[in-house]
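# Notes for the structure review
What follows is the residue order along each chain.
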Amino acid sequence: DGVRRRDFINIAAVSFAGVGAVAVVIPLVDQMNPSADVLALASTEVDISSIQPGQAIKTTFRSQPLFVRHLTEKEIAEADKVDASGLRDPQTLEERTVDGKKNWLVTMGVCTHLGCVPLGAGEGENKGEFGGYFCPCHGSHYDTAARIRKGPAPKNLEVPKFSFTSDTAILVG
Ligand code: FES
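Residues numbered from 1 in each chain as written. Predicted model: local features only at pLDDT ≥ 70, side-chain atom pairs only at ≥ 80, totals over all residues.

To keep things clear, this is the line we draw: UniProt positions are given in the numbering used here, feature names are shortened, and annotations may be inferred rather than shown by experiment.
Going by what an unreviewed UniProt entry lists, the protein chain is known as Ubiquinol-cytochrome c reductase iron-sulfur subunit and is assigned to Sphingobium herbicidovorans. Taken verbatim from the UniProt record of the protein chain, the Function (unreviewed entry) comment is "Component of the ubiquinol-cytochrome c reductase complex (complex III or cytochrome b-c1 complex), which is a respiratory chain that generates an electrochemical potential coupled to ATP synthesis."

As structure tokens, then:
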């Protein structure tokens, strides 16, 4: 009986460590979002039917800017020709998109340096040296897969959980 009890305690300790590891990640998001308690489970459906290749839209997800970008074949090729293993935050375009639809790039519009909203989603905005997004606050350049390529930002623009609900709509969250 004493042995079983110890086993239970060990299992409980492991589970607690698991929960702790998750909790480390979540506060980073919560800090940027004052209404996180209320909005934590909110999903947003986005109509993507009118976004032409080469265009993007800015919308919001859980009170933060969200970029939905329809990549051109050229932008996809530019992202794919980069050796992802050499990047600051190594990810391929395929890993940053879903369902094999590499032409739909969905990211938060929040610079991973200090949280400014990068340029590049709006018509005529500066897309930076790598053709994706440019954060004017301290000069971070993101590529066509919204991966950090130059400047102080430590991470790629975050890709939220999302799925296609049809050919013309996505559900984010
Ligand atoms: Fe974007 Fe500093 S907040 S570069």
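## Some words on the overall build of the protein chain
This is how it is decided: We count a stretch as a helix when DSSP gives it H or I for four or more residues in a row; a strand needs E for two or more, and each element gets its number in order from the N terminus. Here a residue counts as buried when 20 or more other C-beta atoms fall within 10 Å of its C-beta, as exposed when 12 or fewer do, and as partly exposed in between; the C-beta atoms come from the backbone. Contact definition: two residues whose C-beta atoms, as placed from backbone geometry, lie within 7 Å.
From N to C terminus, the protein chain includes 3 helices and 9 strands. Among the 173 residues that make up the protein chain, the fraction classed as buried is 27%. Considering only contacts within the protein chain whose residues lie at least 6 apart along the sequence, 48% involve residues at least 24 apart.

## So, the sheet that holds strand β1 (residues 44–47)
Within a sheet, each strand pairs with its neighbour through backbone hydrogen bonds, oriented either parallel or antiparallel. Let me state the cut-off plainly: Strands qualify as paired when DSSP identifies two bridges or more between them. Every axis corresponds to a line fitted to the C-alpha atoms, with the helix fit spanning only the stretch in contact, and the corresponding angles, defined between N-to-C directions, vary from 0 to 180 degrees.
Across the sheet, 3 strands lie side by side as β1-β9-β8; this open sheet has antiparallel pairing. Only two strands of the sheet have a single partner each, and these edge strands are β1 and β8 (162–166). The mean inter-strand angle of the sheet, taken between neighbouring strand axes irrespective of direction, is 30°. Two strands pair when backbone bridges link them, and β1 and strand β9 (residues 169–172) are joined in this way by 4 bridges, in the antiparallel orientation. Opposite T44, over in β9, you have V172 as the bridge partner.

## Quick word on the UniProt feature "domain: Rieske" (unreviewed entry) in the protein chain
Listed under "domain: Rieske" (unreviewed entry) in the UniProt record, and renumbered for this structure, are residues 73–171. Secondary structure content for residues 73–171 is 8% helix and 25% strand, and the end C-alpha separation is 24 Å.

## Brief notes about the pairing of strand β6 (residues 140–143)
Of the two faces of β6, the one holding S140 and Y142 and the one holding H141 and D143 are both buried throughout. Pairing analysis gives 4 bridges linking strand β5 (residues 131–135) to β6, with the strands arranged antiparallel. The partner of G131 across the bridge, within β6, is D143. Between the end of β5 and the start of β6, which pair antiparallel, lie 4 residues, with G139 showing a positive phi angle near 80°. For β6 and strand β7 (residues 148–150), the ladder comprises 2 bridges, and the chain directions are antiparallel. Residue pairing for β7: H141 is matched across the bridge by K150.

## Considerations on the nonpolar core
Here is the rule we go by: By our criterion, buried Ala, Val, Leu, Ile, Met, Phe, Trp, Tyr and Cys residues that link up through C-beta atoms within 7 Å make up a nonpolar core.
Grouped together as the largest cluster of nonpolar side chains are 27 residues, with contacts concentrated most on L66, V68, Y133, Y142, A146 and V172. Sorting the residues of this core by element identifies β2 (56–61), β3 (64–70), β4 (104–108) and β5 as the ones contributing at least two each. Look past the residues within four positions of Y142 in its chain and what remains in contact with it is P118, G128, F130, G132, Y133, R147, I148, R149 and L157.

## Regarding the sheet that holds β7
Strand order in the open sheet formed by 3 strands is β5-β6-β7, and the pairing between neighbours is antiparallel. Two strands in the sheet have a free side with no partner beyond their single neighbour: β5 and β7. Geometrically, the sheet is characterised by an average inter-axis angle of 35° between neighbouring strands, direction not taken into account.

## Observations concerning the environment of E78
Inspection of the secondary structure assignment puts E78 in helix α3 (residues 73–80). Under the C-beta neighbour-count criterion, E78 is labelled partly exposed, with 18 such atoms within 10 Å. The sequence separation of E78 and D143 amounts to 65 residues, and the corresponding C-alpha distance is 8.5 Å. The contacts of E78, once residues within four sequence positions are left out, are G131 and T144.

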